[in-house]
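# Coordinate analysis (summary)
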Amino acid sequence: YRAVESYVNLLEEKYSPVQTIDFLNLAMAGEWQLLFSTNLTGKSNRKLRLRELVQKIEADGFGGSLTNSAQWDYSDNDEGTFDSTGSFNIKCSYKINQGARMVIDLDRHELRPANGSGVPSDVPAMVALLNRAIPKEMFDPNDHAMDTTYLDADLRIARLTGSKHEGVRNIFFRKGQLEIKPV
């Protein structure tokens, strides 16, 4: 953790923020896969496997939409085999109010089982597991803002401000630029 923090501090120290909203929108738009968060608890549950967590940004001037999408597998049995799979989407809108600060508002949550997948017998319990597995600032993004503290073609670092998640940092890489194979 300390090594990651020191590298993040170095990148942020050397970073020159984008000067125009058009360039910021161009650089931020697209799909970003979560690589690291200072707000992850590291607690796992054998009934839920989170396969991927992606943040999609669709920019439009000083506003836009942001969707946090988690791909999941769920075990509804005692054997531990995953019999349900799908996505959980957290749909938000945002406004940029100063520099690169995004003020985010939650619009809705969507739970979508994959085609042909079983539906969990206890959906509220599965959503509760998702709530514990997804960083809180991504599951419930109300009442905070997100500053882009580093941005290049493949890497984005965001620092959160607000009463709930002050100082939390999330590191994203552009989806498709790096392949991670979990063990």
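Everything discussed here concerns the structure shown above.
Predicted model only: the values in this text are computed from it and were never measured. (Residues numbered from 1 in each chain as written. Predicted model: local features only at pLDDT ≥ 70, side-chain atom pairs only at ≥ 80, totals over all residues. Heavy atoms only, no water.)

### Observations concerning the side chain of asparagine 89
- Its place among the elements puts asparagine 89 in strand 4 (residues 84-98).
- Among the polar contacts made by the side chain of asparagine 89, one reaches the side chain of serine 69 at a distance of 2.7 Å.
- Ignoring anything within four residues of it in the chain, the contact list for asparagine 89 reads Thr67, Asn68, Ser69, Arg108, His109, Glu110 and Arg112. (Helix = DSSP H or I, 4+ residues; strand = E, 2+ residues; numbered from the N terminus. Polar contact = N/O pair within 3.5 Å; in protein donor to acceptor, adjacent residues only side chain to side chain. Contact = heavy atoms within 4.5 Å.)

### Some remarks on the pattern of salt bridges
- Summed over the entire model, instances satisfying the criterion amount to 8 salt bridges.
- Here lysine 175 makes a salt bridge to glutamate 52, at a shortest N to O gap of 3.5 Å. Taken together, the residues lysine 175 in the segment after strand 8 (169-174) and glutamate 52 in strand 2 (residues 48-60) connect sequence positions 123 residues apart.
- Arginine 101 serves as the salt-bridge partner of aspartate 147, at 2.7 Å between the closest nitrogen and oxygen. Here the residue aspartate 147 occupies a position in strand 6 (residues 145-151), and arginine 101 occupies one in strand 5 (residues 101-113), the gap between them amounting to 46 residues.
- Assessed through its relative accessible area of 17%, aspartate 147 is described here as buried.
- By relative accessible area, which is 22% here, arginine 101 ends up partly exposed.
- Overlapping salt bridges bring together Arg49, Arg51 and Asp73 as one network. (Salt bridge = Lys/Arg side-chain N within 4 Å of Asp/Glu carboxyl O. Buried < 20%, exposed > 50% of the residue type's maximum accessible area, 1.4 Å probe, protein only.)

### Section: the environment of isoleucine 171
- Here isoleucine 171 shows up in strand 8.
- Assessed through its relative accessible area of 9%, isoleucine 171 is described here as buried.
- Distance from isoleucine 171 to isoleucine 157, taken between C-alpha atoms, is 4.6 Å for residues 14 residues apart in sequence.
- With residues near it in sequence (within four places) discarded, isoleucine 171 still touches Val4, Val8, Gln33, Leu34, Leu35, Phe36, Leu155, Arg156 and Ile157.

### Some points on the packing of aromatic side chains
- Per the counting criterion, the structure on display carries 2 aromatic pairs.
- Over the ring of phenylalanine 172 we find arginine 156; its NZ or CZ atom is 4.4 Å from the centre of that ring. (Phe/Tyr/Trp six-rings, centres within 6.5 Å; stacked < 30°, edge-to-face > 60°. Lys NZ or Arg CZ within 6 Å of the ring centre and 35° of its normal.)

### Some words on the sheet that holds strand 8
- Reading around the circumference, 1-2-3-4-5-6-7-8 is the order of the 8 strands in this closed barrel, with antiparallel pairing throughout. Pairs of neighbouring strands in the sheet enclose a mean axial angle of 35°, with direction left out of account.
- Relative to strand 3 (residues 63-74), strand 2 runs antiparallel, the two being bridged by 12 bridges. Paired with alanine 59 across the strands is glycine 64, a residue of strand 3.
- Along the sheet, helix 3 (residues 123-133) makes contact with strand 2, strand 3, strand 4 and strand 5, crossing strand 2 at roughly 70°. (Pairing = 2+ DSSP bridges. Axes fitted to C-alpha atoms, helices over the stretch in contact; angles between N-to-C directions.)

### Description of the nonpolar core
- In terms of nonpolar packing, the biggest core is built from 37 residues, with Leu66, Phe88, Met102 and Ile134 touching the most fellow members.
- Other than its neighbours up to four places away in sequence, phenylalanine 88 contacts Asn68, Ser69, Ala70, Trp72, His109, Glu110, Leu111, Leu130, Ile134 and Phe139. (Core = buried A, V, L, I, M, F, W, Y, C linked by side-chain atoms within 4.5 Å.)

### Describing the environment of asparagine 68
- With respect to the helices and strands, asparagine 68 occurs in strand 3.
- A sequence separation of 61 residues divides asparagine 68 from tyrosine 7, and the C-alpha atoms of the two residues are 25 Å apart.
- For asparagine 68, the contacting residues outside a window of four places in its chain are Val54, Gln55, Phe88, Asn89, Ile90 and Met138.
- A polar side-chain atom of asparagine 68 sits 2.9 Å from a polar atom in the side chain of glutamine 55.

### Some remarks on the pairing of strand 8
- Counting buried residues along strand 8, 6 of its 6 residues qualify, which places the element largely inside the surrounding structure.
- Of the two faces of strand 8, both are covered, the one formed by Arg169, Ile171 and Phe173 as well as the one formed by Asn170, Phe172 and Arg174.
- As defined by bridge partners, strand 1 (residues 30-37) adjoins strand 8 across 5 bridges and the pair is classed as antiparallel. Directly across from tryptophan 32, in strand 8, lies its bridge partner arginine 174.

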